[in-house]
Amino acid sequence: MDDTLGLSAHPSADDHTGSGQGAAGSAVGSAAGRALLRRLAEDQSRNRVPSIVAAIVRDGRTAWFGARGRIDGESPINSGGEGSPPTDATQYRLGSITKSLVAVAVMRLRDEGRLDLLDPVGKHVPEAPIGEVTIAQLLSHTGGLSAEPPTAWWERTPGLPPEALLGRLSAGDLKHRPGRRYHYSNLGYALLGELVARLRGVPWLRAVQEEILTPLGMEATTARPRKPHATGYAVHPYADVLLREPEHDAGAMGPAGQLWSSAADLARWAAFVAGDTGGVLAPATLAEMREPATVDDGDAWSSGYGLGLQLTRHAGRRLAGHTGSMPGFLATVWADPAERVGVLYLANVTSGVSRSLPLDLLDILAEHEPRLPREWRACPAEPELLALTGVWHWGPSPYVLRLLPGRMLSLAPMNGPGRASRFAPREDGTWVGLEGYYAGETLRVAPDHLDLNTFVFTRVPYDADAPVPGGVDGWHGRG
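Quick caveat, the model's predicted, so the values are computed rather than measured. Numbering of residues starts from 1 in every chain and runs along the sequence as written. Whole-chain, interface and lining totals are the exception, using all residues; otherwise, since this is a predicted model, local features are given only for residues with pLDDT of at least 70 and side-chain atom pairs are given and counted only at 80 or more. Neither water nor hydrogens contribute to the side-chain values; these are computed over all heavy atoms in the structure.

Draft legend 1. A look at the packing of helix 2 (residues 97-111) against helix 5 (residues 186-200). Where helix 2 contacts helix 5, the axes come no closer than 10 Å and their chain directions differ by 40°. The angle between helix 2 and helix 5 places the two elements in the oblique class. As for how helix 2 packs across helix 5, the hand of that crossing is left-handed. In contact with K99, V102, A103, A105, V106, R108 and L109 of helix 2, helix 5 contributes N186, Y189, L192, G193, L195, V196, L199 and R200. Looking at the contact of helix 2 with helix 5 residue by residue, the class counts come to 10 nonpolar, two polar and three charged. All axes are obtained by fitting lines to C-alpha atoms, using only the stretch in contact for helices, and the reported angles, taken between N-to-C directions, cover 0 to 180 degrees. Every helix listed is a DSSP run of H or I at least four residues long, and every strand listed is a run of E at least two residues long, numbered separately from the N terminus. Oblique is the label for any angle not under 35 degrees, not over 145, and not in the 65 to 115 range, which are roughly parallel, roughly antiparallel and roughly perpendicular in turn. Two helices cross in a left-handed way if the nearer one is turned anticlockwise from the farther one by less than a right angle. They cross in a right-handed way if the turn is clockwise. The contact definition used throughout considers only heavy atoms, calling two residues in contact when any of these lie within 4.5 Å. The residue classification treats Ala, Val, Leu, Ile, Met, Phe, Trp, Tyr, Cys and Pro as nonpolar and Asp, Glu, Lys and Arg as charged. All others, Gly included, are polar.

Draft legend 2. Layout of the packing of aromatic side chains. For Phe, Tyr and Trp, rings pair up if their centres lie within 6.5 Å, where Trp contributes its six-membered ring, and each pair is then called stacked (planes under 30 degrees apart), edge-to-face (over 60) or tilted (otherwise). The full count for this structure, using the stated rule, is nine aromatic pairs. Centroid distance Y182 to Y305: 6.0 Å. Interplanar angle 35°. Geometry classified as tilted. Residue Y182 is found in the loop between helix 4 (162-168) and helix 5, and its partner Y305 is found in strand 10 (residues 303-305); the two are separated by 123 residues along the sequence. Between W394 and F455 the ring centres are 5.7 Å apart and the planes differ by 85°, which places this aromatic pair in the edge-to-face class. Of this pair, W394 sits in strand 15 (residues 390-394) while F455 is found in strand 22 (residues 455-458), placing the two residues 61 residues apart along the sequence. Exposure categories follow from relative accessible area, calculated using a 1.4 Å probe and restricted to protein chains: below 20% of the type maximum is buried, above 50% is exposed, and the middle band is partly exposed. On the accessibility criterion, F455 (25% relative accessible area) is partly exposed. An aromatic cluster is built from Y92, W260 and F329, whose rings are joined through pairwise contacts.

Draft legend 3. Here's a closer look at the packing of helix 2 against helix 7 (residues 263-273). Running from N to C, helix 2 and helix 7 point in directions that differ by 50°, and their axes come no closer than 13 Å. With respect to their mutual orientation, helix 2 and helix 7 come out oblique. Relative to helix 7, helix 2 is oriented so that their crossing is left-handed. Every residue of helix 7 that contacts helix 2 at I97, S100, L101 and V104 is listed here: L266, W269 and F272. Of the residues in the contact of helix 2 with helix 7, the class split is six nonpolar, one polar and no charged.

Draft legend 4. Structural context of the sheet that holds strand 15. The pairing criterion for strands is at least two bridges between them, as found by DSSP. Around the barrel, which closes on itself, the eight strands sit in the order 15-16-17-18-19-20-21-22 with antiparallel pairing between neighbours. Between one strand axis and the next, the sheet turns by 30° as a mean value, whatever way the strands run. Where strand 16 (residues 397-404) lies against strand 17 (residues 408-413), six bridges are found, and the strand directions are antiparallel. The partner of L403 across the bridge, within strand 17, is L409.

Draft legend 5. Broad picture of the side chain of S51. Along the chain, S51 turns up in strand 3 (residues 51-58). The class for S51 is buried, based on a relative accessible area of 0%. Of note is the side chain of S51, whose polar atom sits 2.8 Å from the side chain of Y92. Beyond its immediate sequence surroundings of up to four residues, S51 is in contact with R68, G69, R70, I71, P86, Y92, A230, L346, A347 and N348. What qualifies as a polar contact is a pair of N or O atoms within 3.5 Å, subject to a donor-acceptor requirement within protein and to the restriction that residues adjacent in sequence count only when both atoms come from side chains.

Draft legend 6. Main features of helix 1 (residues 30-46). Spanning 17 residues, helix 1 covers 24 Å between terminal C-alpha atoms, matching the ideal 24 Å at 1.5 Å per step. Here helix 1 has its buried residues at A32, G33, L36, L37, R39, L40, A41, D43 and Q44. Downstream of helix 1 by one or two residues, R48 has phi in the positive range, about 55°. For a helix, the expected span equals 1.5 Å multiplied by the residue count minus one.

Draft legend 7. Quick peek at helix 6 (residues 204-216). With 13 residues, helix 6 ought to run about 18 Å at 1.5 Å a step, and its terminal C-alpha atoms sit 17 Å apart, in line with that. Working definition for bend: take the seven residues up to and ending at a residue and the seven starting at it, fit an axis to each, and measure the angle between the axes. The largest bend in helix 6 comes to about 35°, at E210. Of the positions making up helix 6, those classed as buried are W204, L205, A207, V208, E211, I212, L213 and L216. On its buried side, helix 6 packs onto helix 2, helix 5 and helix 7. Two residues or fewer after helix 6 comes G217, characterised by a positive phi angle close to 75°.

Draft legend 8. Region of the structure containing the nonpolar core. In this description, a nonpolar core means a group of buried Ala, Val, Leu, Ile, Met, Phe, Trp, Tyr and Cys residues linked to one another through side-chain atoms lying within 4.5 Å. One finds L139, I212, W269 and F272 to be the most contacted residues of the largest nonpolar core, which totals 83 residues. Counting residues per element, this core draws most heavily on helix 2, which supplies nine residues. Setting aside residues up to four positions removed in sequence, I212 forms contacts with L101, V104, A105, A207, W269 and V280.

Draft legend 9. Representation of the confidence of the model for the protein within the structure. pLDDT is a residue-level measure of predictor confidence that goes from 0 to 100. Summing up the model confidence of the protein, the mean pLDDT is 91 and the portion of residues at 70 or higher is 91%. Ignoring residues within four places in sequence, the model shows residues 1-14, a span with pLDDT below 50, making 31 contacts including any to other chains. For residues 19-25, every residue scores under 50 in pLDDT, and the model assigns this stretch 12 contacts once sequence neighbours within four places are set aside.

In structure tokens form, the structure reads like this:
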């Protein structure tokens, strides 16, 4: 049977765009909205995308929604290009964005004490012949597993049940030493889905629905398409014709890319990743998921992976989210927790949407409606903490200690780069480092010095009256 279809490239009669229904002031202005729509329209036209929707999320609400193209979820688009424009309720397939939801289910189990991220996956799924690979390594794609399962092309064929997939696994599916490198693995997330199912006693999808989707109000996110939905297509590389892509239940591989969703639901997910967790996950746990577990380019990383979340740096932003692709569909969601802004798109095409599209939309928003800096306000300070502020010395090097809101401290070199961190107060009177070299380390305060994980900071360089390890015999001019 020939599934190749004609597609007309005539322009649409209207803009197919609308703003979100957020609180007053949350929607973008008309100039920004037009610029955002133009960028979306350029991509849909230039890359010949049957339909695409996009949205900007700001402060937990949809601030802009745009759509281009036509969909028909019941029958192929005909040669006249008839059909209805997509809306924010139209379903598209999420692809690998599914992985992030599965990862949240795993982290919830960790927070409940049901598992440890350092557990080998075999502790919970003993049939998996992958030795010492840990749950954390599966979450971050550093376990060394094969990218794809030992089956036929799983994205285009009906899936196997978990027991059948596990029965096909062997030591040969471990391609790299666990922890050695980042190697994206759809197979790894199939194992994580089975882990969730076994610890919850229900299928992974039910756990995700009950624990994540329903509490967040994501009722349009389902395992299989429901009306209204877009049909997945491939576009011929040298002609304006389409080929309908297959869609199946992926079975045991479902946790790697099964879910369908709408722009409205994905906007709620973007708000979640930006920090509006809705009680589904502890904020500290979400922050842990957004930390880079592996990167592509060392200290100056531009892209990486956390625990179930892809990471990227762009124009001074640190973004977390995920891309997704399945035959006939592309999707991306990025969120910036620092500015509480997110961006997403969903398209029914196998390839063609510009990788830069969501980042370009963020740039347009920043250009037309830049976020104002938070208004500074004075806050009270405890006298004993205020007395700590000022210059301290690590050996001869001056550092500045500042008092932050919430009894937090900041310690950073006075001149140039060096080890800097914020420190959060503990109930026992100490502080714990939050980032960099001192992340997790303890800062203790004494009357004449600071003890930062054995390093002694003094008010004057190498104070002879302070307990500096090794002793201080005084400054002198002899060489």
